[in-house]
Amino acid sequence: MKASAPPKIESFKLSMLLSDTRYRGTSLQVITFIIFVAVFFWLVDNTLKNLALLGKDVSFNFLFLRAGYDINQRLIPYNSDSTHGRAAFVGILNTLLVALVGCFFATILGLFVGILRLSKNWLVAKLMSIYIEGFRNVPVLLWIVMIFALLTEFTPAPKAFKGADPQATMLLFDSIAVTNRGTYFPAPIFGEGSFWLLLSFILSVLIVIFIKKYANKQKNETGKNLPTFWISILIIILPTLGFYFLLGKPISLEYPYLKGFNFKDGIHLRNSFLALTLALALYTSAFIAEIVRAGILAISKGQTEAAASLGLRPNKIMNLIILPQALRIIVPPLISNYLNLTKNSSLAIAVGYMDVRGTLGGITLNQTGRELESMLLLMGFYLCVSLLISSVINYYNRSFQIVVR
Amino acid sequence: MFNAVFSQLILVLTLIKIFFNLKGEIMRKSLFMVLSSILLIVGGQAAFSGGHSVTLDDVKARGNLLCGVSTGAPGFATIDDSGKDVGFDVDYCRALAAAIFGDPMAVKFVGLTSAVRFTALAAGEVDILARNTTWTYSRDTDLKQTFLGVNYYDGQGFMVKKDLGVNSTLELDGATVCIQVGTTTELNLADYFKENGMSYEPVPTADNAESQQQYLAGACDTYTTDASALHGTRVNLENPDDHLVLPEIISKEPLGPLVRHGDDNWADIGRWVLNALIIAEEKGITQSNIDSWKDTKDAEIHRLLGTGDDDILAMVGLPKNAMYNAIKAGGNYGEIFENNLGATSGINIERGVNASWTKGGILYSPPFR
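Structure report, in brief. Predicted model only: the values in this text are computed from it and were never measured. (Residues numbered from 1 in each chain as written. Chains lettered and ligands numbered in written order. Predicted model: local features only at pLDDT ≥ 70, side-chain atom pairs only at ≥ 80, totals over all residues. Heavy atoms only, no water.)

## A look at the interface of chain B and chain A
If you look at the interface, chain B gives 59 residues, while chain A gives 48 residues. Buried area between chain B and chain A, summed over both chains or domains, comes out near 4500 Å², and the portion from carbon and sulfur atoms is 59%. Remark: the boundary between chain B and chain A carries 4 salt bridges. Note that Asp81 of chain A is salt-bridged to Lys194 of chain B, the shortest N-O span being 2.7 Å. One can count 14 residue pairs in polar contact (both at pLDDT 80 or more) joining chain B with chain A. (Contact = heavy atoms within 4.5 Å. Buried area = accessible area lost by both parts, 1.4 Å probe. Salt bridge = Lys/Arg side-chain N within 4 Å of Asp/Glu carboxyl O. Polar contact = N/O pair within 3.5 Å; in protein donor to acceptor, adjacent residues only side chain to side chain.)

## As for the packing of aromatic side chains
Scanning the model with the defined rule gives 23 aromatic pairs over all chains in all. When the centroid spacing of 4.5 Å and the interplanar angle of 35° are considered together, the rings of Phe135 of chain A and Trp143 of chain A count as tilted. Look at Phe135 of chain A and you get buried, because its relative accessible area is 12%. A relative accessible area of 19% means that Trp143 of chain A is categorised as buried. Aromatic rings pair up to connect Phe76, Phe88, Tyr152, Tyr333 and Phe337 of chain B into one cluster. Taking the ring centre of Tyr215 of chain B as reference, the NZ or CZ of Lys161 of chain B above it sits at 5.3 Å. Across the ring face of Phe337 of chain B, the terminal group of Arg351 of chain B is positioned such that the distance to the ring centre comes to 4.9 Å. (Phe/Tyr/Trp six-rings, centres within 6.5 Å; stacked < 30°, edge-to-face > 60°. Buried < 20%, exposed > 50% of the residue type's maximum accessible area, 1.4 Å probe, protein only. Lys NZ or Arg CZ within 6 Å of the ring centre and 35° of its normal.)

## Section: the pattern of salt bridges
Residues and elements named next belong to chain A. Taken as a whole and judged by the stated rule, the model has 19 salt bridges over all chains. Residues Arg117 and Glu133 are paired through a salt bridge, measuring 3.9 Å at the closest nitrogen-oxygen approach. Within this pair, whereas Arg117 is found in the loop between helix H3 (84-116) and helix H4 (122-136), its partner Glu133 is found in helix H4, the two being separated by 16 residues in sequence. A salt bridge links Glu290 to Arg117, with the shortest nitrogen-to-oxygen separation between them at 2.7 Å. Here Arg117 lies in the loop between H3 and H4 and Glu290 lies in helix H9 (residues 271-298), a separation of 173 residues in the sequence. When its relative accessible area of 15% is taken as the criterion, Glu290 is described as buried. Among the ionic contacts, a cluster of salt bridges with common partners joins Arg117, Glu133, Arg136, Glu290 and Arg293. (Helix = DSSP H or I, 4+ residues; strand = E, 2+ residues; numbered from the N terminus.)

## A closer look at the packing of helix H10 (residues 264-283) of chain B against helix H13 (residues 333-340) of chain B
Residues and elements named next belong to chain B. Contact pair H10 / H13: the axes reach a minimum separation of 6 Å and the direction vectors enclose 95°. Judged on the interaxial angle alone, H13 and H10 are roughly perpendicular. Counting all contacts with H10, which are made through Leu277, Ile278 and Glu281, the residues of H13 involved are Tyr333, Gly334 and Ile336. Among the residues forming the contact of H10 with H13, the class breakdown is 4 nonpolar, 1 polar and 1 charged. (Axes fitted to C-alpha atoms, helices over the stretch in contact; angles between N-to-C directions. Parallel < 35°, antiparallel > 145°, perpendicular 65-115°, else oblique. Nonpolar A, V, L, I, M, F, W, Y, C, P; charged D, E, K, R; others polar.)

Encoded structure:
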């Protein structure tokens, strides 16, 4: 009997790329990738050819041309002599402002409503259900327009504040003016020496944080509660107040006042901004509330019962036992709601809020006729912001997930 | 285009083969075919063409004209109580439809906001834009459009409530101004206030209706747009007498219909329908007396109405009596103006510079020959 010959090493043949299971997976992926790239290039090529047929080219030079239009809300200096690029940047900042403020209020409100919907108080729970279903089930655009209409139709015009016996008066010791063009708040004016005042304030806060940490450590080690509350308040208030008078009141408030057609000075929150932010925050908070509720319900009832048997009171159970565990479930879906809010802010045009969709994708697009370029820039911007938000929150999320050892 | 479709077909067939027929020999062939079809796609001239067709043929094949108009500018394009489109721009499109089809009703009106109008025209959603649009250099050149002429010489004005106590635009320093986004008025406004060292706060709105609502709610002190539109808006307000259109006109706004670049024949048709309406007024041809010109000795009228021997309208692909139908549809330029903007309409805009050159205006058409 002949010993079997050593297995012959088959020489590589091109056909093996698809017939051999060792290679097939890879080669199919390569083929798919090539097809994808080809289709992509074909689309781009096709677009460019058709633009050429229409006599148009693709150029981003318009970003460096004079914009020629004014923007009412600007966080950086801008006037009609600035470039289209700067106008786009003003819009970007306005978008980010709405997104930040909106996400902040949506989170707080959502957390609050979500917890209250689980309340044992029948009335509170039902009211919260109505709140959630009301905001969640009506398109956000309608809420934006509705709140904007309420703000402009049912508030007095600046004219109503005029005269010896005005129809409308300012709130809070003549400091806040609510008008149909927006709400005017007093603005802080930072005079000389305000730097040292702020520094002393920040130092006091740092000291308080340190004391809190020390107290927590003491509590963990010895179980003794240190009286920190009143000490913290004194540490924050006393030096700051002392410095405030020592430095000769460096920070003062600038009150809005009526001059000509409108209020002057102070911080002007336009109705467009208020309506958009409020509507987005309310709408998104309804979704966040449901996420919070789901997160809390997902924590087993045994945890509550165990905590109660240790003698913890209900709000301590919520803060110390339930919420920290629920957060692990809450945070991932929270990201997509933040993203939704940011992207929904492009509905700003409905109330004339000049976000990036209104400047770059609205007026600039219209005045320059660069539809493709403007839209590409816009899409790129929203993509970057969304990716940034998700990566930041994912990082935060990782920091408190259970570490599997 | 055939190239692209063909190579895609090969691609799909090949993929099907790969997944259902995994045999070496065929594989090699398939791989070759996949690669070759990719080469075909990348290298081939696979552009779907977007602009070579002749607009007139498209319109005729479709059986109606797609005319882009305003979403609601009193006097220019609105919808009346019976649901019918009416207005100055609407009547121009009806005349154009009558010239092509002999039927002034063969038009579909597409309401466009000022912000989307050029995109809609460029994308072919409308054949012609008659939407009180200002003829400017950059719109003519950079936006790749062809303006067909001026059908209304307008200028930008301001409307205020009388109780504001303002009688001149120079008193508007610090005012809040309602303005439609994406219009030339937006740029004029910025320039005008800058030139005069005044400040203002713009309140951008999407269209005329929203501007009007904001203005009435007092969210802005003044509303600025073309003076003709202001007059049209004012008469439709609840108490027109409480509002005032300020006397200053801060810009030149020659309004006219426009089409896409690249189809000169289509542009010629639109331009000469407009000119025909202007010439008709000059010659005294009206909707009612148009049939009584058969024996006139004026050769231009015969050419215009197609009652002579020459058939010069064949040059642009229109029937011989096209202009007859156009004028018959809504009357001459003067009648259209009167019915939509003048005394008959209640808007009461004076003809002013929009009168024929024979009557002291600047409306002047090149000769029809």
